[in-house]
Amino acid sequence: MKFLMMVLGTQADYEGMRGKASEHSPAWTQDELRAMYAYMSAINDDLTETGEMLDGQGLAEPARTRFVTADVDGKPVITDGPYPETAELLAGYWLLDCADLDRVTEIAARVAQCPGPEGLPEYPVVIRPVLEGAEDI
């Protein structure tokens, strides 16, 4: 079964990774950043080795996000970032091919234990099954 596993973050979290603390997120040290990247790389390596990793990427900060909707006439309405500091958006994802929901939940629990600075907000690791076709709805 294919699953999309996602992690969330805010603009304040990205600023914190650049060393700028706020009321919403602490500043990261270079050692904390290295530990986080090493931890995530180890997960990616393990998933690649087991053949479960199909794709995975970290995403640019929310300030570089664009929302596109349509107005009543069907014309595009474009909203560029930045967004409020507390708006959680997708920060990264893995597309996984796992035996079942229990296995991807085990992986998500490992991701949820990623190291970071004290006071870092905790966000859920989101798991969504990928539909094979319209009949899966």
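It should be emphasised that the depicted structure is a prediction, and the values quoted were computed from it without experimental measurement.

Overview of the nonpolar core
And step 1. Membership of the largest hydrophobic core comes to 20 residues, with the highest contact counts inside it found for Met 5, Leu 47, Trp 94, Leu 96 and Val 111.
And step 2. Looking at this core, the elements with two or more residues in it are strand 1 (2–9), helix 2 (30–50), strand 5 (89–97) and helix 3 (101–112).
And step 3. No other element matches helix 2, which puts five residues into this core.
And step 4. For Trp 94, the residues in contact, after removing those within four places along its chain, are Phe 3, Leu 4, Met 5, Val 7, Met 40, Asn 44, Leu 47, Met 53, Asp 55, Gly 56 and Val 111.

A look at the pattern of salt bridges
Opposite charge on two side chains permits them to pair, given that their charged atoms come into close proximity.
And step 1. Here the structure, examined in full by the defined rule, presents seven salt bridges.
And step 2. Two residues, Glu 106 and Arg 103, come together in a salt bridge whose shortest N-O distance is 2.6 Å. Taken as a pair, Glu 106 and Arg 103 lie in helix 3 at a separation of three residues, close to a single helical turn.
And step 3. Residues joined by salt bridges that share partners form a network here, namely Glu 15, Arg 18 and Glu 61.

Points about the environment of Glu 49
And step 1. Among the structural elements, Glu 49 can be located in helix 2.
And step 2. Considering only alpha carbons, one finds Glu 49 and Asp 136, 87 residues apart in sequence, at a separation of 29 Å.

Reading the values: the criteria
Residues numbered from 1 in each chain as written. Predicted model: local features only at pLDDT ≥ 70, side-chain atom pairs only at ≥ 80, totals over all residues. Heavy atoms only, no water. Core = buried A, V, L, I, M, F, W, Y, C linked by side-chain atoms within 4.5 Å. Buried < 20%, exposed > 50% of the residue type's maximum accessible area, 1.4 Å probe, protein only. Helix = DSSP H or I, 4+ residues; strand = E, 2+ residues; numbered from the N terminus. Contact = heavy atoms within 4.5 Å. Salt bridge = Lys/Arg side-chain N within 4 Å of Asp/Glu carboxyl O.

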